[in-house]
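In case you want the letters, here they are:
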There are 2 protein chains.
Amino acid sequence: MPTESPDRASAHALRLRRLGIDTYQELVVYMHRDCHACRAEGFEARSRIRVSLGGRHVVATLNTVLGDLLEPDEASLSESAWSALGAKEGDLVRIGHADPVQSESRLRAKVYGERLSWGDLRGIVDDVVGGSYSDLQLAAFATACAGERLDAEETTWLTRAMADAGERMAWDYPVVADKHCVGGLPGNRTTPIVVAIVAACGLPIPKTSSRAITSPAGTADAMEVLAPVDLDLRAMRRVVEREGGCVVWGGAARLSPADDILIRVERPLGFDSNGLIVASVLSKKAAAGSTHVVIDMPVGPSAKVRSVAAADALEQRFTVTAAALGIRLLTVRTDGSQPVGRGMGPALEARDVLAVLQGRAEGLADLQSRATDLAGALLELGGKAPAGRGGALAAEVLADGRAWAKFQAICEAQGGLREVPGAAHSQVVPAPFAGTVRGFDNRRLARTAKLAGAPRAKVAGLDLHVRVGVAVERGQPLFTLHAEAPGELRYALEYFESQDRIIDVADAG
Amino acid sequence: MPTESPDRASAHALRLRRLGIDTYQELVVYMHRDCHACRAEGFEARSRIRVSLGGRHVVATLNTVLGDLLEPDEASLSESAWSALGAKEGDLVRIGHADPVQSESRLRAKVYGERLSWGDLRGIVDDVVGGSYSDLQLAAFATACAGERLDAEETTWLTRAMADAGERMAWDYPVVADKHCVGGLPGNRTTPIVVAIVAACGLPIPKTSSRAITSPAGTADAMEVLAPVDLDLRAMRRVVEREGGCVVWGGAARLSPADDILIRVERPLGFDSNGLIVASVLSKKAAAGSTHVVIDMPVGPSAKVRSVAAADALEQRFTVTAAALGIRLLTVRTDGSQPVGRGMGPALEARDVLAVLQGRAEGLADLQSRATDLAGALLELGGKAPAGRGGALAAEVLADGRAWAKFQAICEAQGGLREVPGAAHSQVVPAPFAGTVRGFDNRRLARTAKLAGAPRAKVAGLDLHVRVGVAVERGQPLFTLHAEAPGELRYALEYFESQDRIIDVADAG
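The rules behind the values
For every chain, the first residue of the written sequence is number 1, and numbering continues from 1 onward in sequence order. All chains are assigned letters beginning at A, and all ligands numbers beginning at 1, according to the order in which they are written. In view of the model being predicted, local features appear only for residues whose pLDDT reaches at least 70, and side-chain atom pairs are presented and counted only at 80 or more, with totals across whole chains, interfaces and linings using the full set of residues. By convention in this description, side-chain values take in all heavy atoms of the structure and omit both hydrogens and water. What makes a nonpolar core is a set of buried Ala, Val, Leu, Ile, Met, Phe, Trp, Tyr and Cys residues whose side-chain atoms join them at distances within 4.5 Å. Per-residue accessibility, obtained with a 1.4 Å probe over protein chains only, is compared with the maximum for each type, and a residue is labelled buried under 20%, exposed over 50%, and partly exposed between these values. Contacts are assigned to residue pairs that have any heavy atoms within 4.5 Å of one another. To superpose the copies, least squares is applied to the C-alpha atoms of every residue with a pLDDT of at least 70 in both. The rule for a disulfide is simple: a pair of cysteine sulfur atoms within 2.5 Å. Numbering of helices and strands runs from the N terminus; a helix is a DSSP stretch of H or I covering at least four residues, while a strand is a stretch of E covering at least two. Every residue carries a pLDDT, the predictor's confidence in it, which falls somewhere between 0 and 100. Buried area, as used here, totals the accessible surface that two parts lose on assembly, with accessibility defined by a 1.4 Å probe and the loss added over both. Any carboxyl oxygen of Asp or Glu within 4 Å of a side-chain nitrogen of Lys or Arg constitutes a salt bridge here. Only C-alpha atoms enter the line fits that serve as axes; for helices the fit covers just the stretch in contact. Angles between N-to-C directions range over 0 to 180 degrees. The scheme is simple: roughly parallel for angles under 35 degrees, roughly antiparallel for over 145, roughly perpendicular for 65 to 115, oblique for anything else. By convention, the crossing between two helices is left-handed when the near helix turns anticlockwise from the far helix through less than a right angle, and right-handed when the turn is clockwise. Polar here means any residue outside two lists: the nonpolar Ala, Val, Leu, Ile, Met, Phe, Trp, Tyr, Cys and Pro, and the charged Asp, Glu, Lys and Arg; Gly therefore counts as polar. Any two strands with at least two DSSP-identified bridges between them are counted as paired.

Counting 63 residues, the largest nonpolar core has A:Phe141, A:Leu158, B:Phe141 and B:Leu158 as its most contacted members. Residue contacts for B:Phe141: discarding those within four places in its chain leaves B:Leu107, B:Leu121, B:Ile124, B:Leu158 and B:Leu262.

Right, let's get into the relation of the copies chain B and chain A. The transform that puts chain B on chain A rotates by 180 degrees and translates by 0.0 Å along the axis, for an RMSD of 0.0 Å. The transformation relating the two chain copies, once decomposed into turn and shift, fits a two-fold axis.

What follows concerns the state of the cysteines. All names here are of chain A. Across all of its chains, the model carries 0 disulfides over all chains by this definition. The closest cysteine sulfur to the non-disulfide-bonded Cys38 is located on Cys35, 3.8 Å from its own sulfur. Here Cys246 is not disulfide-linked; the sulfur of Cys411 is the nearest cysteine sulfur, at 11 Å. Accessibility expressed as a relative area gives 0% for Cys246, which makes it buried.

Take the environment of A:Asp73 next. Residues and elements named next belong to chain A. With respect to the helices, strands and loops of the structure, Asp73 is situated in the loop between strand 5 (56-65) and strand 6 (74-77). Residues Asp73 and Ala323, 250 residues apart in the sequence, show an inter-C-alpha distance of 55 Å. Ignoring any residue separated from it by four or fewer positions in sequence, one finds Asp73 in contact with Leu14 and Arg15.

Turning our eyes to something else, we now look at the confidence of the model for chain A. All names here are of chain A. For chain A, mean pLDDT is 92; residues scoring 70 or higher make up 97% of the total. Every residue in residues 1-10 is under pLDDT 50, and counting partners more than four places away or in other chains gives 32 contacts. With a pTM of 0.89, the predicted complex shows an ipTM of 0.88.

Counting residues at the interface gives 64 residues for chain B, matched by 64 residues for chain A. Summing both sides of the interface, chain B and chain A together bury roughly 5400 Å²; the carbon and sulfur share of this comes to 54%. By the criterion of area lost to chain A, the three top residues of chain B are B:Arg46, B:Leu136 and B:Tyr491, representing 13% of everything that side buries. Linking chain B with chain A are 4 salt bridges, by the criterion used here. As a salt-bridge pair, B:Asp135 and A:Arg46 come within 2.5 Å of each other at their nearest N and O atoms.

Residue and element names in this part refer to chain A. The interhelical angle for the contact between helix 3 (residues 104-111) and helix 5 (residues 135-145), taken along N-to-C directions, is 40 degrees, at an axis separation of 9 Å. Between helix 3 and helix 5, the crossing angle belongs to the class labelled oblique. Judged by the sense of rotation from one axis to the other, the crossing of helix 3 with helix 5 is left-handed. Two secondary-structure elements touch here, helix 3 through Glu104, Leu107, Lys110 and Val111 and helix 5 through Gln137, Ala140, Phe141 and Ala144. Per-class residue counts for the contact of helix 3 with helix 5 are 5 nonpolar, 1 polar and 2 charged.

Residue and element names in this part refer to chain A. The antiparallel open sheet is built from 3 strands, whose spatial order is 17-15-19. One side of each edge strand has no neighbouring strand; the edge strands of this open sheet are strand 17 (471-472) and strand 19 (503-507). Of the strand pairs in this sheet, strand 15 (residues 435-440) and strand 19 are connected by 5 bridges, and their pairing is antiparallel. Following the sheet pairing, Val437 is matched in strand 19 by Val505.

Residues and elements named next belong to chain A. In this structure, the amide linkage connecting Ala454 to the following residue, Pro455, adopts the cis form with an omega of 5 degrees. Unusually for a residue other than glycine, Tyr24 sits at a positive phi of about 60 degrees. What makes Tyr24 partly exposed here is its relative accessible area of 22%.

As a further point, take the sheet that holds strand 12 (residues 328-335) of chain B. Residue and element names in this part refer to chain B. The 3 strands lie next to each other as 8-11-12, forming an open sheet whose pairing is parallel. Looking at which strands have only one partner, the edges of the open sheet turn out to be strand 8 (177-181) and strand 12. For this sheet, the mean angle separating the axes of adjacent strands, direction not counted, is 20 degrees. In terms of strand pairing, strand 11 (residues 292-299) meets strand 12 through 8 bridges, oriented parallel. Each residue of the ladder has a partner; that of Pro298, found in strand 12, is Thr334. Packing against the sheet, helix 12 (residues 308-324) makes contact with strand 11 and strand 12, and its axis sits at approximately 160 degrees to strand 12.

Time to look at the packing of helix 17 (residues 442-451) of chain B against helix 18 (residues 486-498) of chain B. All names here are of chain B. With their axes 8 Å apart at the nearest point, helix 17 and helix 18 run at an angle of 160 degrees to one another. Considering their axes alone, helix 17 and helix 18 lie roughly antiparallel with respect to each other. The element helix 17 and its partner helix 18 pack so that their crossing is right-handed. Residues Arg444, Arg447, Thr448 and Leu451 of helix 17 touch helix 18, and the partners they reach there are Glu488, Tyr491, Ala492, Tyr495 and Phe496. When grouped by side-chain class, the residues that make up the contact of helix 17 with helix 18 number 5 nonpolar, 1 polar and 3 charged.

As structure tokens, then:
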């Protein structure tokens, strides 16, 4: 029987057995209902538990086990908690009550409609990053900040607190450029092109990107087709110092870790909140040491930003917050009504990127002009082009091969340029009748690409052959599906055929 | 390979294996990451999944398994989902995407600050009861209604929608009495006494009570020491028709099931909300067919209602909502500053109840007077006593043994009156020095009783020997701990001794 006080965090030792359960990063500890710690401490399912191993600890939510999955002297952890503790099978963990969450009363105050101070927000963010908040509390925080419940000053404080609560990168350049796209538009893979152009013009652009969460490909997934992206901060710095730019996966960098934690609950809830969007984007940028940032804001009926009024409000919040953080920021509104480029899926989007960089942009005029617009805006913002001349400079650098040369150099520095693989199985999907393409349902089109295997299968996805306004004959290809396996191809096709108007063709007859 | 469309709910069949994981009623489905359904449908950890078995289905949150806990053609369910589906080991379940949640846009509207209509709230409650809401969405709803974000009319609509969305009991009596206590005060076990008095006076009182969630005993736990409480609706009706009253566990009755679901997330969040408290209490009462309700509202610095202003606001909301539902309601404010009676724990509280009913109320004057006050209020409200005379009538019925006779008859009708068991291990905790008792920390005192084993061990808990204002000598007993096992006794004692001023004694020296 343990001899320590039940309030001491290290009162009970349990042996770890790995069950391998992935809870999407919610930290969960599994213990037998009859284990001595549960009985002595009064732990029940959903109790918040402090789990310590070596010098590390996490706060996890308890799930109890009734059968023989665990012995009473064993515990298990969700994969996220397992890796946070660096656990090994058979390790002894110490189990105790979680400490009271210091910022809980301030979270409650926000829920009741009070305004939060800089100290409040710093306390909340520290507790979020420290893992003290349960997913229910994270959902409550996201809800309490949703709509317009976070004012401009609170947004700035939240952004700063999030940027401070993780790694911060410092660069020896007077200007550090960055870009971000608000709200994914399928195929809008401008980042590698923008980085190549901007770096070719001598403006440092150390770009970290994310992998897909709900889309068929994130920038890091597409870039990984062309070069390694899984670089640590030191390797990333070496690439930037040599080539002036990079496109790496930001997941290992621990820049604004509060953002990663909040996004995990914000995304399934799907509440819009200008304050939280701005804090999410700009905390990452501030932590990455960016000084000049261009925001790509697609506006359209099925995009994240749906109206000019919504775009105005979001732009205003971006501008004010960036100014308070000492970041120069420019918003570029773009067409959010249909997918960009042809490919949807990591390899297909990488192929489009290469085509534009290599001057073979037939059918990719939209991707190319978006990339040069954004690069141009960054060049002007960063002082590499006079006002109104950035786009032309960007187009020139792309046309004369300097951007392509820079991109190859960046890929080499990241570990070597790779060939784009092709899919083993493809199938053309024809128009069922003659007519005019009126529009796309971006969300369901993306889902079709995901059913074909993207982004898990890099080669999977789809290639669009039509754009809005184009007239098609009956039987003319609308798009081509690509997959690793015939079963996946069939799933994607069956889904597409079961749905109405993913591609809206107006009957010509 | 399955041949149905991936959007059809029944596309994939998986064999059930029971893992026995208790998630505190969150519905979770476990599937191997490499299972064909995950791959084909693009399911990932935290996807919302429809699981069907026979004619039943649930919507559950996915946790994926990486190792060999499950085969790729197997699935498992949290205990809550397992029992909701009536599953057996080896059953084949069908897996598909959850349907879109119809009321999601109205939840979002509330989060953004819009007012909800009767139809909105009915839609939300139906989706909550149908299991469509994830725990994150439930937390968002509770947050969006917290503070004063639900107005009087919304509260009435929510209450009515919750009452409608489950079983409803109908009685052939013109008056159906009920009582409820807002905010648990340890030992405040008036219900069995009130029921006995009120029923003895001929006022029907079909009482359903809850088990402990965070306290050392719920009314159903204490009553279960004296008689069976696990009656279905039919058995409950038989008891009430014979004896005019009952005290049974409400958990099996499915009265306002939305309340049980919402409380599961409201409790860990701990946000106060008059609207949600009133909807919770009155939806249960309306569903139970109650027409006349007395609310016991303890007010005190460590009670749920902490000030007169808070009590006023809550009483006002109760009154307006009850009137809109056609329920006659009276609020009785009581002292919330210290525990009631002597015992804390199911058997110890049952013993106090019996002592009062049998006229042996030494040291239990507070429990007795609270019970007669509440019963008196109900008797007046229900027309069995003139205004101002209910308390006296209640005291008379208690004093002359009619209440005790009625209580015995009710226990017999519920399955037989039981003896109150005693604990195998007890220990007296003495005052460390002479002084005057200034106050109690109700929460930590309750935790001490829980560490001793209550409510799991019915005999466990503690007996208070002092009250606020009492002078004690050094070494005089403050309370006695009771437990089933010496280890539990020691845990409770160690906890008590590690804490400061759970019982605040002002040094006389």
